Amino acid sequence: MPENAAEAGAERTGGAAETPAAEVTAAGIARLAGVGRAAVSNWRRRHADFPKPVGGTETSPSFALADVEEWLRAQGKLAEVPLRERVWQQVAGHPAGAVTALVHAGCALLLVRDRSAAWPALAELPDVRLAEVLPVALEETLTERLGPERAVLTPTAPALAASVPLLRGAAELAAETGVRGAFEFLLGRHLDANPRQYTLTPPGPAALMAALAATPRRGHEAAPLTVLDPASGTGGLLSAVERPGAVCGQDADHDLAALTALRLALATDADIRVRSGDSLRADAFPTLAADAVLCHPPFNERNWGHDELAYDPRWEYGFPARTESELAWVQHALARLRPGGTAVLLMPPAAASRRSGRRIRADLLRRGALRAVVALPAGAAPPYGIPLHLWVLRKPVQGERPPAELLLVDAASEQAGPGREGRDRLDWPAVHSAVLDAWTPFDRDGTLAGTPGASRSVPVIELLDDDVDLAPARRLPPPAAAEGVAQLAAVRERLTETLHRTRELTPPPLTDPASVGAGAGRPTTTVGELARAGALVLRAGGVGTTPAATPVAVLTDHDVLAAQPPSGTLPDGPPEEPVLLAAGDVVVPVLGGVTAVRVVDASAEGAALGRNLQLLRPDPAALDPWFLAGFLRATANTRQASSYASTATRLDVRRLQLPRMPLAEQRRFGERFRALAEFEESLRLAARLGDQLVQGLYDGLADGTVAP
């Protein structure tokens, strides 16, 4: 029997030539060891036996993952690399690139899922032999699951040679988390590591779009749907559909189409048909009559095929202008629906009012194809600074009279609280409820009494003017005046109380000249030295996952900077242990060069530590948390502990300094720092309430709800 993993690996290779090894960058080494990049640089300088680079560039070298793991263990800096981290590093350092590695891993996981009895025998083969026999098994599995015409090409034996260790690791990870969980974890890490390469539809709007498309029509029973996404990206929209009957997808990027096909095949037993290619120019499903179409099309494209598609039969509602690519996608979606089928598209707000598209919008209204326009809050999906719209369309049924009204919903006010606007800080359950509470009765009855400022069904005849402007905010009546006045009165009362409290918390005057310079020459220590001495524990924030039944809030760097409760959430998925906060922990943002420190209280206790945050957990017998937080926040301290890249500032928490003093003296400083924090929070609250009151009075005077 082999005594360790290295011997087992050697035994599996059967003495054949080595395949290219997975590589890891300095950032990956830091993640493996739970340290900062600076620590890795120090190890390279101070330890002659540190692994030598095997690739990369002089400024960004890469190292053999196996050599790095061995060195870290020998140094006592790593007891055991977590399985999921080891597999991820094999994906990230794959010689052919991360996308190829993900496709290979997805193919192997599909084999494990659909032919679970065959995999154990295959796994016993040496690496070289496994790479030789896998293509046949994968070809059979992919053809059976995805069909002969598919976006996922069967990897060849030479291509698989470098992937065999990854495939073994992915299968091992699947035994812990399930095949879907393993692939979702690896794909999610890749998307998180390359945010600028992909335009994703976040889970919140994806779930809402799927729910709108799945709402049964009046007189129709809910049934498994045939769903199409003609711009499927990484498959986020299609993955949000619950229990589909058949799933069709197409994307112009072949790699994304392959990842989508594997993602869906591992997640559902539905019939999966995913193709690559431009849906407008080379439609892969020209005869499809889908029950639902979900689409987050590319925005503001000029080169969408305007010249070559002028006489395309899909332009039933008018030929889109070159600047109206989104209206081309709208008509493509309608063309691929069965009569009575529903399409939901994520649209830029300009598409509801641009003059170049008014004739098509008018015809969509006249013929009853456009059923609802929903304004989402800013931050719902990229581009995050714009409040996007959802268009809900239904393909007209021949012989049925077109609906007389259009539903307009403005969900932009459904935020998670003051100061929490923007990406990852939306109250999606509230948005979801507000939209469906309006759509469901409107879809059933064809009309809706509506709620001022939130929703209304508008007669189509009112919209067919010269502009055909469908922006919800311009058609909805303002909120009830009495409610607005009552809210302003409550804000004014709370502001008055807060100003009184702020005055009480104002620090006393500094009247003791003898105290000036009293701290000069005090002996100091650093956070790093305190960590080595056991006076505190350092933990870095990162990504965790949690089962859907046990949601965990996440304290983000934005929450720390804005002094607000945790606003993020861990994604659903296989369990991955997050760093949970305890009362008395001190949290410091490490990016951006902004001075901010948070002492965890009851409002954040139990939340997970988010990215770009460092946690310091002091030993109460050695360190007072408020003393620690106060000195960490000093401007001179953060300045000397910061490093500067070309586009960002990073704080090395280990270099932050504190004075050495007895615990009783620490607590005296800590009480003063705590009082300053209360004063600061009172000032923040007063500023927010003041802004709210001033804007409310402007609005009230303008709309007549407040007397001059």
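Residues numbered from 1 in each chain as written. Predicted model: local features only at pLDDT ≥ 70, side-chain atom pairs only at ≥ 80, totals over all residues. Heavy atoms only, no water.

## Description of the overall build of the chain
Next, step 1: Per the secondary structure count, the chain includes 24 helices and 23 strands.
Next, step 2: When burial is assessed residue by residue, the chain has 48% of its 708 residues classed as buried.
Next, step 3: Look at the contacts in the chain between residues 6 or more apart in sequence, and 73% of them connect residues 24 or more apart.
Next, step 4: As displayed, the chain has an accessible area near 33900 Å², and 53% of this comes from carbon and sulfur atoms. (Helix = DSSP H or I, 4+ residues; strand = E, 2+ residues; numbered from the N terminus. Buried < 20%, exposed > 50% of the residue type's maximum accessible area, 1.4 Å probe, protein only. Contact = heavy atoms within 4.5 Å. Areas by Shrake-Rupley, 256 points an atom, 1.4 Å probe, with all protein chains shown as cover.)

## Some details on the nonpolar core
Next, step 1: The biggest cluster of nonpolar side chains holds 93 residues, and the ones touching the most others in it are Leu134, Val152, Leu208, Leu212, Leu294, Leu376 and Leu390.
Next, step 2: Looking at which element gives the most residues to this core, the answer is helix 6 (residues 98-114), with 12 residues.
Next, step 3: When residues of this core are assigned to domains, at least three fall in each of domain 2 (84-194) and domain 3 (203-474).
Next, step 4: When near neighbours in sequence (up to four residues on either side) are disregarded, valine 152 contacts Val103, Cys107, Leu142, Leu146, Ala258, Ala261 and Leu262. (Core = buried A, V, L, I, M, F, W, Y, C linked by side-chain atoms within 4.5 Å. Domains from an automatic or database assignment.)

## Side note on the sheet that holds strand 3 (residues 61-64)
Next, step 1: Spatially, 3 strands are ordered 1-3-2 in an open sheet, and the strand pairing comes out antiparallel. Across the chains shown, the open sheet's two edge strands, defined by having one partner strand only, are strand 1 (23-25) and strand 2 (55-56).
Next, step 2: The sheet contact formed by strand 1 and strand 3 spans 3 bridges and is antiparallel. Counterpart to threonine 25 in the pairing with strand 3 is serine 62.
Next, step 3: Strand contacts of helix 4 (residues 65-74): strand 1 and strand 3, with the helix running at about 75° to strand 3, the strand carrying the most contacts. (Pairing = 2+ DSSP bridges. Axes fitted to C-alpha atoms, helices over the stretch in contact; angles between N-to-C directions.)

## Observations regarding the sheet that holds strand 9 (residues 370-375)
Next, step 1: With mixed pairing, the 9 strands of this open sheet are ordered in space as 6-5-4-7-8-10-9-11-12. In this open sheet, the two strands that pair with only one neighbour each are strand 6 (271-276) and strand 12 (455-459). For this sheet, the mean angle separating the axes of adjacent strands, direction not counted, is 15°.
Next, step 2: Across the face of the sheet, helix 15 (residues 325-335) comes into contact with strand 7 (290-295), strand 8 (337-347) and strand 10 (389-394) while running at roughly 155° to strand 8.

## Here's the deal with helix 11 (residues 179-193)
Next, step 1: The end-to-end C-alpha distance of helix 11, which contains 15 residues, comes to 21 Å, matching closely the 21 Å that a straight helix rising 1.5 Å per residue would cover.
Next, step 2: Here helix 11 has its buried residues at Val179, Gly181, Ala182, Phe183, Phe185, Leu186, Leu187, Arg189, His190 and Leu191.
Next, step 3: Packing partners of the buried residues in helix 11 comprise helix 2 (26-33), helix 5 (83-92), helix 6, helix 10 (164-177) and helix 14 (254-267). (Expected span 1.5 Å × (residues − 1).)

## Examining the side chain of threonine 526
Next, step 1: Along the polypeptide, threonine 526 turns up in strand 13 (residues 524-526).
Next, step 2: Of note is the side chain of threonine 526, whose polar atom sits 3.2 Å from the backbone nitrogen of glutamate 529.
Next, step 3: Residues in contact with threonine 526, not counting those within four places in the same chain, are Arg654, Arg655, Leu656 and Gln657. (Polar contact = N/O pair within 3.5 Å; in protein donor to acceptor, adjacent residues only side chain to side chain.)

## A look at the pattern of salt bridges
Next, step 1: As enumerated under the stated definition, the model contains 38 salt bridges in all.
Next, step 2: We note a salt bridge from aspartate 127 to arginine 168, for which the minimum N-O separation is 2.8 Å. Remark: arginine 168 occurs in helix 10 and aspartate 127 occurs in helix 8 (residues 127-146); sequence separation between them is 41 residues. The burial state of aspartate 127 is the same as that of arginine 168; both residues are buried.
Next, step 3: Taken together, the shared-partner salt bridges connect Arg113, Asp114 and Asp269 into one network. (Salt bridge = Lys/Arg side-chain N within 4 Å of Asp/Glu carboxyl O.)

## Structural notes on helix 16 (residues 358-366)
Next, step 1: Listed as buried for helix 16 are Ile360, Arg361, Ala362, Asp363, Leu364 and Leu365.
Next, step 2: On the buried face of helix 16, the contacting elements are helix 15, strand 9, strand 10, strand 11 (405-410) and helix 18 (460-463).

## Digging into the side chain of glutamine 89
Next, step 1: With respect to the helices and strands, glutamine 89 occurs in helix 5.
Next, step 2: Taking the relative accessible area as the measure of exposure, glutamine 89 reaches 3% and is therefore buried.
Next, step 3: Aside from chain neighbours lying at most four places away, what touches glutamine 89 is Ala22, Glu23, Val24, Gly28, Arg31, Leu32 and Leu65.

## Remarks on the packing of helix 5 against helix 11
Next, step 1: Interaxial distance between helix 5 and helix 11 falls to 10 Å at its minimum, and their mutual angle equals 60°. It follows that helix 5 is oblique to helix 11 by the angle criterion. The handedness of the crossing between helix 5 and helix 11 comes out as right-handed. Counted together, Arg84, Glu85, Val87, Trp88 and Val91 of helix 5 and Phe185, Leu186, Arg189, His190 and Ala193 of helix 11 form the full contact between these two elements.
Next, step 2: In the contact of helix 5 with helix 11, the residues fall into 6 nonpolar, 1 polar and 3 charged. (Parallel < 35°, antiparallel > 145°, perpendicular 65-115°, else oblique. Left-handed = near helix turned anticlockwise from the far one by under 90°. Nonpolar A, V, L, I, M, F, W, Y, C, P; charged D, E, K, R; others polar.)

## Some details on the packing of helix 8 against helix 14
Next, step 1: Packing of helix 8 against helix 14 leaves a shortest axis separation of 11 Å and a crossing angle of 80°. In terms of their interaxial angle, helix 8 and helix 14 are classed as roughly perpendicular. Facing Leu142, Arg145 and Leu146 of helix 8, the residues of helix 14 in contact are Ala261, Leu262, Leu264 and Ala265.

## Focus on unusual backbone geometry
Next, step 1: Proline 383 follows proline 382 through a cis peptide bond whose omega is -5°.
Next, step 2: In this structure, proline 383 sits in the loop between strand 9 and strand 10.
Next, step 3: Although it is not a glycine, alanine 563 adopts a positive phi angle of roughly 55°.
Next, step 4: Judged by its relative accessible area of 28%, alanine 563 falls in the partly exposed class.

## So, the packing of aromatic side chains
Next, step 1: If you walk through the whole model with that rule in mind, you get 10 aromatic pairs.
Next, step 2: Each ring, one from tryptophan 304 and one from tryptophan 315, has its centre 5.9 Å from the other, and the planes form 85°; the classification is edge-to-face. Here tryptophan 304, found in the loop between strand 7 and helix 15, pairs with tryptophan 315, found in the loop between strand 7 and helix 15; they are 11 residues apart in sequence, far enough to count as distant. A single burial state applies to tryptophan 304 and to tryptophan 315, both of which are buried. (Phe/Tyr/Trp six-rings, centres within 6.5 Å; stacked < 30°, edge-to-face > 60°.)

## Observations regarding the pairing of strand 9
Next, step 1: Among the 6 residues that make up strand 9, 6 are buried, leaving the element largely enclosed by the rest of the structure.
Next, step 2: Pairing of strand 9 with strand 10, which is carried by 5 bridges, proceeds in the antiparallel orientation. Its bridge partner lying in strand 10, valine 373 is registered against tryptophan 391.

## Notes on the confidence of the model for the chain
Next, step 1: The predicted model of the chain averages 85 in pLDDT, with 87% of residues at 70 or higher.
Next, step 2: Of the regions scoring below 50 in pLDDT, residues 1-19 engages in 17 contacts with residues more than four places distant in sequence or in other chains.
Next, step 3: Considering only residues more than four positions removed or in separate chains, one finds that residues 416-422, a stretch of pLDDT under 50, has 17 contacts. (pLDDT = per-residue confidence, 0-100.)

## Thoughts on a positive patch on the surface
Next, step 1: A surface patch of positive charge is lined by Arg45, Arg46, Lys77, Arg532 and Arg654.
Next, step 2: One can find arginine 532 in helix 20 (residues 527-533).
Next, step 3: When its relative accessible area of 65% is taken as the criterion, arginine 532 is described as exposed. (Patch = residues over 30% accessible without salt bridge, like charges linked within 9 Å, V, L, I, M, F, W, Y side chains within 5 Å. Lys, Arg positive; Asp, Glu negative; His and termini not counted. Charge placed at Lys NZ, Arg CZ, Asp CG, Glu CD.)

## Points about the pairing of strand 11
Next, step 1: Most of strand 11 is tucked away, with 6 of its 6 residues classed as buried.
Next, step 2: Going residue by residue along strand 11, you find Glu405, Leu407 and Val409 tucked away on one face and Leu406, Leu408 and Asp410 tucked away on the opposite face as well.
Next, step 3: As defined by bridge partners, strand 9 adjoins strand 11 across 4 bridges and the pair is classed as parallel. Within strand 11, the position partnered with valine 374 by the bridge is valine 409.
Next, step 4: Across 5 bridges, strand 11 lies against strand 12 in antiparallel orientation.

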